[in-house]
Amino acid sequence: LADNDVLNQRVHGNSFTQIHAENGEADLQIAMGQLNSHSKRLRLAPKATVEDGASTVTTEGSSDGPLQQFFHLSDVVSNSIYLSMYVCVYIFRFVILYHHQEDVKELTKILTEAATEDKTVIITTLNQAWSQPNSTFDLFLDSFRVGKGTQPLLRHLVVACLDVDAYSRCLKVHPRRCYFMKTAGVDFAGDKVFMTPDYLKMMWRRIEFLGTLLKLGYNFIFTDIDIMWFRDPFLRLSKDVDFQIACDRFNGDHNDIRNNVNGGFTFVQANPRTINFYNYWYMSRLRFPDKHDQDVFNIIKSSWYTAKIGLKMSFLDTKYFGGFCEPSKDLDNVCTMHANCCVGLENKIKDLRQVLEDWENYLSVAKTRDGQNLSWRYPENCMKKSTWGKI
């Protein structure tokens, strides 16, 4: 179901949904051709009777014996199933991809202006609830301004807005880097509570959108908007790895798929392997309709298909890419701080303000009077102190 033949397609105003639909038609034609070929094996003749113990089967006969006829009939049945599968795939591609059709011309224009020389962009998503003044979006942008070497990265930041209000607010504070990611029939404006139906739709819409970036040939860092940026993360990321992802908790091994991942921060290279993987990831939501993208990733990261396409992945150390689940204790090396393990927008806002205060205090003081390194204060709005103490 994951095809990689769209990476080098030139757009010229057409959408990738049309390209996918054409691929679906080709698959359908192939399946029908194979069914027709196998069906010709069953040559019918007048009333050939086959006796099989207690039962008698009357067919319209063929010059083949009963055993051959049985296998030919099995071929027809199996290929009918094969055809049905491709019909379903074709219908799915047509309905879903046209439903979420991107404005590729506008998106390409924004990406071209924002990208680095090697076609890498920083991407986040924004809805109305998170875009309010003095809310998460402002804290996110402020972190770039007070971070060490992070302010120049704002020119590479593209904000994919999920509703009209978020788009309007983005244009005011981060102009020329705002893309309206329309989704027909869904209202993403409000605060979406974790694991509610609208939350799941929003998470999967994000995966679909990121897959489109790869097909357009752009590498990306995806960052949740509740992540504070304090140092340039590119210095800690490898261009030799297809897919790098942050962890809620890191077990010390960058290659161990048993790490507890967090999809809020990923660095992905655009190539056929990652295009295939994002197609596979997005399609897998149909197998697990009640799970969000991160849970499904944990299921498919060790699947036969991921191994088949040869995806090279790596898991990021919380020493550099920390969060409330497992905070970096070394402010001399921390790149990002994520308000994970936290439910509720107001809780995140309060504790992220405290994180920014701690960072600015670190910059001004650097060391405490007793010589111990400064660290983060306990995020009292997001979690119990007992949980924080065990990290």
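Structure's up top.
Right, let's walk through the structure included here. Predicted model, so just to flag it, every value in this text is computed and none were measured.

**Observations concerning the state of the cysteines**
And then number 1: If you walk through the whole model with that rule in mind, you get three disulfides.
And then number 2: Two residues share a disulfide in this structure: cysteine 170 and cysteine 178, whose sulfurs sit 2.0 Å from each other. When the S-S torsion is -85 degrees, as for the bridge of cysteine 170 with cysteine 178, the disulfide is left-handed. Across this residue pair, the class does not change: cysteine 170 and cysteine 178 are buried.
And then number 3: Shown here is the disulfide that connects cysteine 325 with cysteine 341, its sulfur atoms set 1.8 Å apart. On the sign convention where negative means left-handed, the S-S torsion of about 105 degrees between cysteine 325 and cysteine 341 marks this disulfide as right-handed.

**Here we look at the pairing of strand β6 (residues 219–223)**
And then number 1: Along β6, five of the five residues are buried, which leaves the element largely enclosed by surrounding structure.
And then number 2: Both faces of β6 are covered, namely the face carrying Asn219, Ile221 and Thr223 and the face carrying Phe220 and Phe222.
And then number 3: Bridge analysis of strand β3 (residues 120–126) against β6 gives four bridges, and the strand direction is parallel. Bridged to isoleucine 123 within β6 is phenylalanine 222.
And then number 4: As paired elements, β6 and strand β9 (residues 260–268) share four bridges and run antiparallel to each other. Across the sheet, phenylalanine 222 pairs through a bridge with threonine 266, a residue of β9.

**Some thoughts on the pattern of salt bridges**
And then number 1: For the structure on display, the rule yields 13 salt bridges.
And then number 2: With its nearest N and O atoms 2.7 Å apart, the salt bridge here joins arginine 169 to aspartate 138. With arginine 169 in helix α6 (residues 164–173) and aspartate 138 in helix α5 (residues 136–146), this residue pair connects regions lying 31 residues apart in the sequence.
And then number 3: A relative accessible area of 16% places arginine 169 in the buried class.
And then number 4: We classify aspartate 138 as buried; its relative accessible area is 16%.
And then number 5: Through salt bridges with shared partners, a single ionic network connects Glu113, Arg176 and Arg177.

**Focus on empty space enclosed by the protein**
And then number 1: This structure, assessed with the given rule, holds three cavities of 30 Å³ or more.
And then number 2: Considering the residues around the second largest cavity, the lining is formed by Ile227, Ala246, Cys247, Asn262, Phe265, Phe321, Gly322, Thr336, His338 and Asn340.
And then number 3: Those elements that place two or more of their residues in the lining of the second largest cavity are β8 (243–249), β9, β11 (321–323) and β12 (336–338).
And then number 4: Here the lining of the second largest cavity is built from residues that sort into five nonpolar, five polar and no charged.

**Observations regarding the packing of α5 against helix α11 (residues 345–365)**
And then number 1: The interhelical angle for the contact between α5 and α11, taken along N-to-C directions, is 15 degrees, at an axis separation of 10 Å. Taken as axis vectors, α5 and α11 run roughly parallel relative to one another. You can see that α5 and α11 cross each other, and the crossing is left-handed. Only Leu345, Ile349, Leu352, Arg353, Leu356, Trp359, Glu360 and Leu363 of α11 make contact with α5, whose side of the interface consists of Thr136, Leu139, Asp142, Ser143 and Val146.
And then number 2: Class assignment of the residues belonging to the contact of α5 with α11 gives a composition of eight nonpolar, two polar and three charged.

Cut-offs used in this document
- Residues numbered from 1 in each chain as written.
- Predicted model: local features only at pLDDT ≥ 70, side-chain atom pairs only at ≥ 80, totals over all residues.
- Heavy atoms only, no water.
- Disulfide = S-S within 2.5 Å.
- Buried < 20%, exposed > 50% of the residue type's maximum accessible area, 1.4 Å probe, protein only.
- Helix = DSSP H or I, 4+ residues; strand = E, 2+ residues; numbered from the N terminus.
- Pairing = 2+ DSSP bridges.
- Salt bridge = Lys/Arg side-chain N within 4 Å of Asp/Glu carboxyl O.
- 1 Å grid on protein atoms, 1.4 Å probe; cavity = no way out; pocket = protein on both sides within 12 Å on 5 of 7 lines; lining within 4 Å.
- Points joined across faces, edges and corners; volume = space filled by probe spheres on them.
- Nonpolar A, V, L, I, M, F, W, Y, C, P; charged D, E, K, R; others polar.
- Axes fitted to C-alpha atoms, helices over the stretch in contact; angles between N-to-C directions.
- Parallel < 35°, antiparallel > 145°, perpendicular 65-115°, else oblique.
- Left-handed = near helix turned anticlockwise from the far one by under 90°.
- Contact = heavy atoms within 4.5 Å.

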